[in-house]
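Take a look at the letters that make up each chain.
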Amino acid sequence: MHLIVALHYRKLVVIYNMTIDARFKIIRDNFTLDVELNIPDTGVTAIYGDSGCGKTTLLRAIAGLEYSPTSYLRVGHKIWQDSSTFIPPEKRSVAYVFQEASLFSHLSVRGNLEYGLKRVPKNNSKVSLERAIDLLGISHLLDRNTDQLSGGERQRIAIARALAISPRLLLMDEPLAALDLKRKHEIMPYLESLHDELKIPVLYVSHAPGEVARLADHLILLENGQLKASGKLDQMLTRLDLPLAHGDKAAAVIHATVAGHDTEFDLTYLDFPGGRFTVAHKDLKVNHPVRLRVIARDVSLTLEQQSNTSILNIFPAIVDEMTPEGKAQVMIRLLINGIPLLARITRKSASLLELAPGKHLYAQVKSVALLS
Amino acid sequence: MLSDSDLTALLITLKLAAVTTVILLLIGTPIAWWLARSRWRYKFFIEAIIALPLVLPPTVLGFYLLIALGPNGPIGGFMQLFGGQPLAFTFTGLVIGSVFYSMPFVIQPLQSAFHAIGHRPLEVAATLGASPLDRFFTVAVPLARPGFLTATVLGFAHTIGEFGVVLMIGGNIPGQTQVLSIAIYDHVEVLEYSQAHWLSGGLLILSFLMLISVYALNRRFALPKIGGDL
């Protein structure tokens, strides 16, 4: 196991500029977290895994809320923890959004937002409080008491409170998990705008594949307190050796940009390196970046390009890898000009089409979801 | 109505209760905080000691304090060594006795209030840059406000009602150590029921009013606990 982690580690060093370097060994009563990680210094890194796999413990350790003597943490050029150093949480330039908003009930909304701001060095403000208030759309709530807020509003204020201290690193521990579906949808756009507009690296703990697909750029997969794999989101989602690429919700995420609109049929064209998706009209500007989610079971395969078909999104592809999915089905990793896509078909179809790695074919995408 | 000596007894009682409460809040807050936070496995030992006055007959507590504070006791002897007076039968002695006697009434509400806050608000404050002392004063104390109110009023009221300990270590020196409860006892002994009525009724109403205000205020302070928040 150690060898695998070490090999992986070397691979990551090549991929990332390795600005956050962590090694944690934390032993608790019935659980051990033992990981060695390089975390990219930009974008959103999702820490994903089943509950109890150590996601939260890892996040707490990075914040300095969990202590273990043998751990190591370097953020940028600063050592936050090694054998002789342990910077306490209040001295780490890190903001933490907990699963529950955890607002201070003895302070007003404004008091909550200013609590951290008052305690950080003034010249350190990359994100001003005004900016945070604006990003999260909470200006109308400032003079309320915390008990006059909905769950979604509370969580937005907790996020703004965290951002207001201009952290070097933003840690979010399942910030949506305690909310109902409606509130989740209310907050998601704000999280996406954080992702698009802030330069702060974000570590986002989640066990919801949907959230990960929408927000993350990188993925760290934990299993039983150990690092299972980590890498770029689009690769991780389509790696057949990982659990994410299996089951009903297995899906690939594709980055595309708006290429244009068709006014006659009310359609929007989205270009990605493998071709062009045609989807129902979306009110987006040309060149706007979008994320697409293609669910494996919505992809069918043909050996020749169909001309008499209702499906618009057909791409030439190569079979990269395939594994059995249950008894009756096969999960296939395709490459469309190097862009990975998953297809789930029956084992019988795979046999009839004589599928094998390297085979050229056409992927027909029945439906595609726009994530942002 | 109240005679001069009754009035003096009332003033001494109020002064004793006020001084005792202030001292108990000052020493009880850190102890309660420690008890609420510490994971020391023998913590229960300290908790039991603090709870002792709840179950011990006040005369027992008073007896040991008398021994300790008297000229031959460790504390009284120590005082004498440095040219002071033994503390038995003085107002200071009464304060010391009351501090022990009312300690659980101050520490226990504070401890449970601190405990009820949980770790989360303090962790939030830490990640927002607050040092441990800063967290204590700007998060723990304000959130434990109902506990402080309860502790103050219970400490004060319980000290007013004390009898046995005072009798043992304070004696019954009018103008110095004679408190209300003992004045009442004296009146009853000599069949001065009317004075006893005035004092007893006054004490009853005072105590009732204090408790009513605690419960009413604590209901107003009651902190919302919606959605797992603080």
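For the structure, see preceding data.
Criteria and cut-off values
Residues numbered from 1 in each chain as written. Chains lettered and ligands numbered in written order. Predicted model: local features only at pLDDT ≥ 70, side-chain atom pairs only at ≥ 80, totals over all residues. Heavy atoms only, no water. Helix = DSSP H or I, 4+ residues; strand = E, 2+ residues; numbered from the N terminus. Buried < 20%, exposed > 50% of the residue type's maximum accessible area, 1.4 Å probe, protein only. Areas by Shrake-Rupley, 256 points an atom, 1.4 Å probe, with all protein chains shown as cover. Lys, Arg positive; Asp, Glu negative; His and termini not counted. Charge placed at Lys NZ, Arg CZ, Asp CG, Glu CD. Pairing = 2+ DSSP bridges. Expected span 1.5 Å × (residues − 1). Arc of directions from axis to C-beta. Contact = heavy atoms within 4.5 Å. Salt bridge = Lys/Arg side-chain N within 4 Å of Asp/Glu carboxyl O. Axes fitted to C-alpha atoms, helices over the stretch in contact; angles between N-to-C directions. Parallel < 35°, antiparallel > 145°, perpendicular 65-115°, else oblique. Left-handed = near helix turned anticlockwise from the far one by under 90°. Nonpolar A, V, L, I, M, F, W, Y, C, P; charged D, E, K, R; others polar. Buried area = accessible area lost by both parts, 1.4 Å probe. Polar contact = N/O pair within 3.5 Å; in protein donor to acceptor, adjacent residues only side chain to side chain.

A.B. asks: I keep staring at the overall build of chain B and nothing clicks. Help me out?
C.D. replies: Counting secondary structure elements, chain B contains eleven helices and zero strands. Each helix and strand of chain B, ordered N terminal to C terminal, gives the series α-α-α-α-α-α-α-α-α-α-α. Counting the 230 residues in chain B, one finds 44% classified as buried. For chain B, the exposed surface amounts to about 11900 Å²; the carbon and sulfur share of it is 72%. The centroid of the 11 positive side-chain charges in chain B is displaced by 22 Å from the centroid of its 10 negative side-chain charges.

A.B. asks: Please explain the overall build of chain A as it appears in this structure.
C.D. replies: In terms of regular secondary structure, chain A is built from nine helices and 20 strands. Overall size of chain A, expressed as C-alpha extent along the three principal axes, is 65 × 55 × 35 Å. In chain A, which comprises 372 residues, the share counted as buried stands at 53%. For chain A, the accessible area works out to roughly 17000 Å², and carbon and sulfur atoms hold 51% of it. Positive and negative charge centroids in chain A, built from 44 and 40 side chains respectively, lie 3 Å apart.

A.B. asks: Can you walk me through the pairing of strand β11 (residues 251-262) of chain A in this structure?
C.D. replies: Within a regular beta strand, the side chains point alternately toward one face of the sheet and then the other, so they alternate between its two faces. Residue and element names in this part refer to chain A. As defined by bridge partners, β11 adjoins strand β14 (residues 289-295) across seven bridges and the pair is classed as antiparallel. When the bridges of β14 are listed, Ala251 appears paired with Ile295. Here five bridges tie β11 to strand β12 (residues 267-272), and the two strands are oriented antiparallel to one another. Note on β12: the bridge partner recorded for Thr257 is Asp271.

A.B. asks: Explain helix α7 (residues 132-143) of chain B here, please?
C.D. replies: Note on helix geometry: an α-helix contains 3.6 residues per turn, so any two residues three or four positions apart are oriented the same way. Spanning twelve residues, α7 of chain B covers 15 Å between terminal C-alpha atoms, matching the ideal 16 Å at 1.5 Å per step. What α7 of chain B keeps buried is the set Arg135, Phe136, Val139, Ala140 and Leu143 of chain B. An end-on view of α7 of chain B places all buried positions within 125° of arc, on one side of the element. Turned more than 90 degrees away from the buried face of α7 of chain B, the exposed residues are Leu133 and Phe137 of chain B. Those residues of α7 of chain B that are buried lie in contact with α3 (109-117) of chain A together with α1 (4-37), α5 (91-117), α6 (120-127) and α8 (145-160) of chain B.

A.B. asks: Would you explain the pattern of salt bridges in this entry?
C.D. replies: Oppositely charged side chains can pair when the atoms bearing their charge come close. Within the structure shown, the criterion is met by 21 salt bridges over all chains. The closest approach of N and O atoms between Arg110 of chain A and Asp143 of chain A, which form a salt bridge, is 3.5 Å. Taken together, the residues span a long stretch of sequence, with Arg110 of chain A in helix α3 and Asp143 of chain A in the loop between α4 (129-136) and α5 (151-163) at a distance of 33 residues. Taking relative accessible area as the criterion, Asp143 of chain A reaches 65% and is therefore assigned exposed. The partner of Arg276 of chain A in a salt bridge is Asp271 of chain A, with the nearest N and O atoms 2.8 Å apart. What emerges from the salt-bridge pattern is a single network uniting Arg28, Arg60, Glu66 and Glu100 of chain A together with Arg120 and Glu123 of chain B.

A.B. asks: I keep staring at the packing of helix α3 (residues 58-69) of chain B against α5 of chain B and nothing clicks. Help me out?
C.D. replies: How two helices sit against one another is set out by the angle between their axes and by the gap between those axes. Residues and elements named next belong to chain B. One way to put it is that α3 packs onto α5 with a least axis distance of 11 Å and a crossing angle of 135°. In terms of their interaxial angle, α3 and α5 are classed as oblique. α3 and α5 meet at a crossing whose hand is right-handed. Residues Pro58, Leu61, Leu65 and Leu69 of α3 touch α5, and the partners they reach there are Gly93, Ile96, Gly97, Phe100 and Tyr101. Counted by class, the contact of α3 with α5 contains seven nonpolar, two polar and no charged residues.

A.B. asks: Mind showing me how you'd approach the interface of chain A and chain B here?
C.D. replies: Interface size is often expressed as the accessible area that is lost when the parts come together. Contacts between the two partners involve 22 residues from chain A, matched on the other side by 25 residues from chain B. Considering only the side of chain A, the residues that lose the most area to chain B are Glu90, His106 and Arg119 of chain A, jointly responsible for 28% of the buried surface there. Between the two partners, chain A and chain B, sit four salt bridges. Across the salt bridge formed by Asp134 of chain B and Arg119 of chain A, the nearest N and O atoms sit 2.6 Å from each other. On inspection of chain A and its partner chain B, the count reaches seven residue pairs in polar contact (both at pLDDT 80 or more). Breaking the side of chain A that touches chain B down by element, the ones donating at least two residues are β6 (94-97), α3 and α5 of chain A.

A.B. asks: So what exactly am I meant to see when it comes to the sheet that holds strand β15 (residues 299-302) of chain A here?
C.D. replies: Neighbouring strands of a sheet are bound in pairs by backbone hydrogen bonds; such pairs are parallel or else antiparallel. Residue and element names in this part refer to chain A. Taken together, the five strands give an open sheet; going across it, the order is β15-β19-β16-β17-β18, and neighbouring strands pair in antiparallel fashion. Across the chains shown, the open sheet's two edge strands, defined by having one partner strand only, are β15 and β18 (339-346). Each adjacent strand pair in this sheet contributes to an overall mean axis angle of 45°, direction not counted. Sheet topology note: the strand β17 (residues 329-336)/β18 ladder contains eight bridges and is antiparallel.

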